[in-house]
Amino acid sequence: MKTRELYELVMESRTEAMRRTELQREQILRYTGSRYDGKTTKDSDYPENYYYQYVANASARNLTNMPRLTLSSGVEEADPDVLRLEDAGQRWMHDTNYRDMRRALLVDMCFGLAAGIVTQEPRPGYEQFDDPVHTPKMRRIPPGSFGWDVNANLYEESEFMFHVVVTKKWRLKEQAQRESGWDLDAIEKMAENRDDQKKVNKGDVTYFEVFLPNERLDADSEAWADIPESARGKYHGVIRTLGYSEMAVELRAVRPYFGPRRGPYFMRGFMCVPNNVAPLSALVANEGQIKSLNAQVKANDWSAEHRKAVVVIDGVTIDGQAAVLDAKDGDIIRVPGLAAGGVATLELNTLTVQATNREDMLRQRADRSLNTSDSKRGYANPGTTATAENISAV
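No experiment lies behind these values; they were computed from the predicted model shown.

Visitor: Explain the pairing of strand S4 (residues 161-168) to me, and be specific about the residues and the numbers.
Guide: Counting buried positions along S4 gives 6 out of 8 residues, so the element sits mostly inside the fold. By the bridge criterion, 3 bridges tie strand S3 (residues 146-148) to S4 in an arrangement that is antiparallel. By the bridge assignment, tryptophan 148 is partnered in S4 with methionine 161. As paired elements, S4 and strand S7 (residues 204-212) share 8 bridges and run antiparallel to each other. Its bridge partner lying in S7, histidine 163 is registered against glutamate 209.

So this is what it looks like as structure tokens:
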């Protein structure tokens, strides 16, 4: 595929990724509440922070303990090789902080999709060596910085996948001097990203790492220069590095990819959508129900905040109606025309039983749709059996 054609397809896919992210931005703002950035009062419109509740419950159910790798050789006696592999797996999870990475990916999945890349990095404790021992490590990719072929019906059928890299221009030039295959002239001509508000260049540049699983290299390609001939048939697709330097260019020579057939990326989501690669999250699917719940909670909160009870007695006043409306909770108001010796108590903006029942009904409906019943939260009723709790959670 020609450079310009691939670059235009990548840009189209990135636009789609940013559109998906923009749709989730409002939900993420509600999830963080009104005090996270110190600038807004988002909880005034969404007092029921169902987004945080859902994410917290999902994290508690899935990430309580460090995952443990269990292997078996299929025989009764313990195989020393299997035990050594298990120990190596546990050490890898500890060294790469696997649990915290899973937590970050789970939060992404709650709002849409989770994406990441597997890279080879120096093993902790070996970074200072000239030729350090390397180990695979997962790194999260922000959902808006990951994309695939928008014309594919399935993720596995994509002609390409990519992620966006934003780095300082001086750092990219240093990297290009250390590693082979980079085009320093093209990097020098790349325009720096601009801060439109401050009207200054930020000093960083953007480029794309693109994996093409079906692209092959010619036998005489320069990419084979440092690769033994015996290994040349074992690669799965190629990696291309694209940028814009007065025009769409290859910032680095095409290189073969020797990792898994599915490529360096992984993408996960909760539910599949017919004829669409992007997965569906529970929060997005149930946004209407969450909005209805928030509207009712907001209305009930307003009623509780503005509720007042006033006592009216027979007497003379200039404007009894205005006095009632302006009264504070507990005030006594004289109203002309009230029966002699009559005393009456008025309650205004009362929180009704119907309103509280509707709030409970809407919350239960959202709980059922999002599978966050009391038993799933850990609030079991001691008066019921475990079977009854499980049934109520369905």
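Visitor: I'd like a rundown of the pairing of S7, residues and numbers included.
Guide: Within S7, 9 of the 9 residues are buried, which leaves it mostly tucked inside the rest of the structure. Residues Asp204, Thr206, Phe208, Val210 and Leu212 line one face of S7 and the alternating positions Val205, Tyr207, Glu209 and Phe211 line the opposite face, and both faces are buried. Pairing between S7 and strand S8 (residues 238-244): 5 bridges, direction antiparallel. Within the sheet, the bridge partner assigned to glutamate 209 lies in S8 and is threonine 241.

Visitor: Describe the packing of aromatic side chains, and please don't skip the residues or the numbers.
Guide: According to the stated counting rule, one finds 14 aromatic pairs in the structure shown. Measuring from centroid to centroid gives 6.0 Å for tyrosine 7 and phenylalanine 208, while their planes differ by 80 degrees, and the two rings are edge-to-face. Taken together, the residues tyrosine 7 in helix H1 (residues 3-32) and phenylalanine 208 in strand S7 connect sequence positions 201 residues apart. No difference in accessibility class separates tyrosine 7 from phenylalanine 208, as the two residues are buried. Seen from their ring centres, tyrosine 31 and phenylalanine 111 are 5.3 Å apart, and the 65 degrees between their planes marks the pair as edge-to-face. Taken together, the positions of tyrosine 31 in helix H1 and phenylalanine 111 in helix H4 (residues 98-111) put the pair 80 residues apart, joining distant regions of the chain. In textbook terms, an aromatic cluster arises when at least three aromatic residues are bridged by ring pairs, as seen for Tyr7, Phe160, Phe162, Phe208 and Tyr244. The ring of tyrosine 235 carries the charged tip of arginine 216 above its face, separated from the ring centre by 4.1 Å.

Visitor: How would you sum up helix H5 (residues 169-178)? Please name residues and give values.
Guide: Among the residues making up H5, those that are buried are Lys169, Leu172 and Ala176. The buried residues of H5 occupy one face: seen down the axis, they fall within an arc of 60 degrees. Seen from the buried face of H5, the exposed residues on the opposite side, beyond 90 degrees, are Gln177 and Arg178. Contacts from the buried residues of H5 go to S4, helix H6 (184-189) and S7.

Visitor: So what's going on with the packing of H1 against helix H2 (residues 50-62)? Residues and values would help.
Guide: At a minimum axis distance of 7 Å, the contact between H1 and H2 shows a crossing angle of 80 degrees. If you check the angle between H1 and H2, you find them roughly perpendicular. Here Gln27, Arg30 and Tyr31 of H1 lie close against H2, whose contacting residues are Tyr51, Tyr52 and Val55.

Visitor: Lay out the environment of glycine 33 with the relevant residues and their values.
Guide: By the secondary structure assignment, glycine 33 is in the loop between H1 and H2. With a relative accessible area of 13%, glycine 33 lands in the buried category. Put simply, glycine 33 and tyrosine 52 are 19 residues apart on the chain and 8.5 Å apart in space, counted from C-alpha to C-alpha.

Visitor: So what about the side chain of glutamate 209? Which residues, and what values?
Guide: Its place among the elements puts glutamate 209 in strand S7. Glutamate 209 gets classed as buried once you look at its relative accessible area, which sits at 11%. Separated by 3.0 Å, the side chains of glutamate 209 and arginine 255 make a polar contact. In this structure, glutamate 209 is in contact with Met161, Phe162, His163, Val165, Ile239, Arg240, Thr241, Arg255 and Tyr265, ignoring residues within four places of it in sequence.

Visitor: Residue-level account of the packing of H2 against H4, with values.
Guide: The description of two packed helices rests on the angle between their axes and on the distance between the axes. Running from N to C, H2 and H4 point in directions that differ by 135 degrees, and their axes come no closer than 10 Å. Judged on the interaxial angle alone, H4 and H2 are oblique. The two elements H2 and H4 meet at a crossing, and its hand is right-handed. Of H4, the residues touching H2 (which contributes Tyr51, Tyr54, Val55, Ala58, Ser59 and Asn62) are Arg102, Leu106, Val107, Cys110 and Phe111. Classifying every residue of the contact of H2 with H4 gives 8 nonpolar, 2 polar and 1 charged.

Visitor: Account for the nonpolar core, with residues named and values stated.
Guide: If you look at the biggest cluster of nonpolar residues, it comprises 18 residues, and the most contacted ones within it are Tyr50, Tyr54, Cys110, Phe111, Leu283 and Leu370. Breaking this core down by element, the ones donating at least two residues are H2, H4, helix H7 (282-285), helix H8 (287-306) and helix H10 (353-370). With 5 residues, H2 is the largest single contributor of residues to this core. Formed by 17 residues, the second largest nonpolar core is a distinct cluster that contains Tyr7, Phe160, Leu217 and Ala223.

Procedures and definitions
- Residues numbered from 1 in each chain as written.
- Predicted model: local features only at pLDDT ≥ 70, side-chain atom pairs only at ≥ 80, totals over all residues.
- Heavy atoms only, no water.
- Buried < 20%, exposed > 50% of the residue type's maximum accessible area, 1.4 Å probe, protein only.
- Helix = DSSP H or I, 4+ residues; strand = E, 2+ residues; numbered from the N terminus.
- Pairing = 2+ DSSP bridges.
- Phe/Tyr/Trp six-rings, centres within 6.5 Å; stacked < 30°, edge-to-face > 60°.
- Lys NZ or Arg CZ within 6 Å of the ring centre and 35° of its normal.
- Arc of directions from axis to C-beta.
- Contact = heavy atoms within 4.5 Å.
- Axes fitted to C-alpha atoms, helices over the stretch in contact; angles between N-to-C directions.
- Parallel < 35°, antiparallel > 145°, perpendicular 65-115°, else oblique.
- Polar contact = N/O pair within 3.5 Å; in protein donor to acceptor, adjacent residues only side chain to side chain.
- Left-handed = near helix turned anticlockwise from the far one by under 90°.
- Nonpolar A, V, L, I, M, F, W, Y, C, P; charged D, E, K, R; others polar.
- Core = buried A, V, L, I, M, F, W, Y, C linked by side-chain atoms within 4.5 Å.

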